[in-house]
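Observations on the three-dimensional arrangement
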Amino acid sequence: MLRLELEPGASAAWPEIADDAPLPDGDCILSFARLRAGGVPDRSGSGRLGVSLRIDEPVEALAGSIERLALVLLTVPAFRDGRVFTQARTLRERLDFAGEIRVAGPVLPDQAAFLERCGVSSLVLPANADEAVWRRANARMHTAYQPSVRDEPAGPGLKRRSEAASGG
Amino acid sequence: MSGHGLPVGTYGYDATDRAFLADRVDEFRDQVQRRLDGALSEDEFKPLRLMNGLYLQLHAYMLRVAIPYGTLSAIQLRGLAAVARRHDRGYAHFTTRQNIQFNWIRLEDAADILAELAVVDMHAIQTSGNCIRNVTSDEFAGAAADELVDPRVYAEILRQWSTLHPEFSFLPRKFKFAISGSPQDRVAARFHDIGIVARRDDAGRIGFGVHAGGGLGRTPAIGIPMREWLPEEELLAYMEAILRVYNAHGRRDNAYKSRIKILVQALGAEAFTRAVEDEFAAMPRHRFRLEPKTVAAIAARFGTPALEAPADAAAVLAADRAADPAFDHWVSTNTHPHRDPGHICVVLSLKPTGGIPGDASAAQMDAVADLAERYSHAEIRVSHLQNLAFGHVRRDRLRSLWQELAALGLASANAGLIGDIVCCPGLDYCTLANARSIPIAQRISDRFADAELQRRIGPLRINISGCINACGHHHAAGIGILGVDKKGEEFFQLTLGGTAESDVAIGQILGPSLPEAEAVVAIERLVETYLSLRTGEERFLDTYRRLGNRPFKEAVYAAA
């Protein structure tokens, strides 16, 4: 696996814990179903918690527990499925989530800048992905015409600079 | 041109807009290269090329170029003519969505063509794909006497906002906006995913009526009212809310059930509206607020025409009409009142007798660009009815323009009449089509070639679609014709009573579909029936509404 940071400081790989497995020490990711059934476990210093959501699971349901989560992993089933953009944006804009949003699944390099502008922090890519292609695609466009969660400086009109923070 | 050198009627690009287009062309060049290298599969490349307007059709690639809100400068029209000459077969096709299509494109040339278009500030961004498409508007925008707000500034704002939108570029399905600034709906607002009507309140402030969930295609639907009055500053926030609900909840398992109209129907109008209003209430609206200074900055990039006409301009036109009945007939069908009494709006018919609706040759495009410079402030409009228009023609010069248009074959006096047929490219070009729509259009056009007969019939729209996707908007016509495949043979199904205007209605199927020759005879019988049953000046639509489909059905099927 290759991880592409869309913003600096995204954290390392966290293990995803099966629903029936005990929680290990250290940072780990639970499923949305486990979190929903059992609530957010008290980790009391033993590591941070993340949650993994499928594309059809409502991020709004995290509203009550979001402050105790450090990472949300969104898994895309197909690159055409644009729901992930709304999931990420909802986390940032409606739930005010300030932690890491990580996206896994078959996304295209041409979607990296869109994901970044919707608030995604990092991407999990196949191990054989060519990072240079991703960096180049993410740095391609220098202007955007609409607000994003990045609050880029605006004007004149609707324009804002959209150069990727880590696009090189 | 205006004093500032900005194009009249459309947004003048600045250096940043040009740099953006250059980046986009580079990106596409890179994507084509990755496809040719095998780094991108065809499945992965397809949505990327579609979002740059490139379709794979029956015989070649087709490139669909956006004409935002249907307004072009003379320089841009010449740029399109040059592409038609260099990369196509010397002509191009204007579509029902105010786009232009080139039908004979090679993949290897596509990035170069986009670069050539960028030289004249044009692009093919989002003319296809599951994203927000070209925003369409009224062909008489900024000119019509009945207009309350010039919709083009807002259409441009929507164009910019929707361009490479980070959240809404991979929607369940395509998404179409139309915006009008006149109470007379000339944009088919309620047949769009979102239809907007700009208006003013008593204090002169600008706001918008918003409809959503309309559309044609396989499941025609009339948009539901969302807001009677949306304040200007909330325009983008509210559009974000509608799109977010659609992106999150629209179906993605079946392409035929994935348009927003299906979501509206599944949830019901009330629940859908509530979902949008909840989203709107919860979102950080300050981020999306459309500030007056933003509107002003974009409006300032539009050139405005200096409307100066001699005091006797209207009198000269009246005298010219009295002196020449052929000219008088053309003026009565192919013009529209301008807000300035010395000016008039003009429809340039792309519907010559027996012609292909919406087609124009490169020579015609160049000639129209010249005429636009001499008669209409170098500005050309494209209508969703596949004609061209000039917005600001001096009344005293109208006869001279008419004579020049006649010499180019662009003065058919048929705007809004039965000869003004709307037609998709059909099976001659399109991979989706079930039937050829162009030949039947040509036969009907020939049959009703007599201008006197057309005038006697009066307002009657014929729209033809080669398949159920309804690019020819057949449901929105007094007489709609739909091509269907019956065991390998081309048949045509007739619908009656549709209109996209303010009294919006979806055409209803008349009866079993017919082979082409019989369908043409059926149209003749429908018209004869109408002429024999109408009272006074009653329009076809009103006769149909008064009597229902029974006499028409009998006329078509009883004798068969």
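Just so you know, these numbers come straight off a predicted model, no measurement behind them.

Here we take up the overall build of chain B. Secondary structure assignment for chain B yields 19 helices and 21 strands. Taking 2.2 N^0.38 as the reference for a compact globule, 560 residues should give roughly 24 Å; the C-alpha atoms of chain B span a radius of gyration of 23 Å, in line with that estimate. Taken over the C-alpha atoms alone, chain B extends approximately 60 × 60 × 50 Å along its principal axes. Across the 560 residues of chain B, 63% fall into the buried class. Partitioning the contacts of chain B with sequence separation of at least 6, the portion at a separation of at least 24 is 68%. Total accessible area computed for chain B in this model is approximately 19700 Å², and 51% of it derives from carbon and sulfur atoms. The average position of the 63 basic charges and that of the 69 acidic charges among the side chains of chain B differ by 4 Å.

On to the domain arrangement of chain B, then. Residues and elements named next belong to chain B. We note that the domain assignment places domain 1 (15-119), domain 2 (136-299), domain 3 (313-407) and domain 4 (422-557) within chain B. Using C-alpha coordinates to define each centre, domain 2 is positioned 30 Å away from domain 4. The junction of domain 2 with domain 4 conceals about 1100 Å² of combined surface from both sides, 66% of it contributed by carbon and sulfur atoms. Area buried by domain 2 at its contact with domain 4 is led by Phe191, Leu216 and Arg218, which between them contribute 39% of it. Where domain 2 meets domain 4, there are zero salt bridges. Between domain 2 and domain 4 we count two residue pairs in polar contact (both at pLDDT 80 or more) in total.

So, about the sheet that holds strand S8 (residues 194-200) of chain B. Residue and element names in this part refer to chain B. The five strands are arranged S6-S7-S8-S9-S10 in an open sheet whose pairing can be described as mixed. The sheet terminates laterally at strand S6 (136-137) and strand S10 (224-231), the two strands that pair on one side only. Contacts from helix H5 (residues 152-162) reach strand S7 (177-180), S8 and strand S9 (206-212) within the one sheet, and its direction differs from that of S7 by about 160 degrees. Across the sheet, helix H6 (residues 235-249) is in contact with S7, S8, S9 and S10; its angle to S10 comes to roughly 155 degrees.

As a further point, take the sheet that holds strand S12 (residues 343-348) of chain B. All names here are of chain B. Taken in spatial order, the five strands line up as S3-S14-S15-S12-S11 in an open sheet, and their pairing is antiparallel. Looking at the sheet topology across the chains shown, the edges are occupied by strand S3 (71-73) and strand S11 (335-337). When strand polarity is set aside, the average angle formed by the axes of neighbouring strands in this sheet is 30 degrees. Relative to strand S14 (residues 379-382), S3 runs antiparallel, the two sharing three bridges. In the strand pairing of S14, serine 73 is matched with glutamate 379. Lying on the sheet, helix H12 (residues 325-334) is in contact with S11 and S12; it crosses S12 at an angle near 90 degrees.

Thresholds applied
- Residues numbered from 1 in each chain as written.
- Chains lettered and ligands numbered in written order.
- Predicted model: local features only at pLDDT ≥ 70, side-chain atom pairs only at ≥ 80, totals over all residues.
- Heavy atoms only, no water.
- Helix = DSSP H or I, 4+ residues; strand = E, 2+ residues; numbered from the N terminus.
- Rg over C-alpha atoms; globule rule 2.2 N^0.38 Å.
- Buried < 20%, exposed > 50% of the residue type's maximum accessible area, 1.4 Å probe, protein only.
- Contact = heavy atoms within 4.5 Å.
- Areas by Shrake-Rupley, 256 points an atom, 1.4 Å probe, with all protein chains shown as cover.
- Lys, Arg positive; Asp, Glu negative; His and termini not counted.
- Charge placed at Lys NZ, Arg CZ, Asp CG, Glu CD.
- Domains from an automatic or database assignment.
- Buried area = accessible area lost by both parts, 1.4 Å probe.
- Salt bridge = Lys/Arg side-chain N within 4 Å of Asp/Glu carboxyl O.
- Polar contact = N/O pair within 3.5 Å; in protein donor to acceptor, adjacent residues only side chain to side chain.
- Pairing = 2+ DSSP bridges.
- Axes fitted to C-alpha atoms, helices over the stretch in contact; angles between N-to-C directions.

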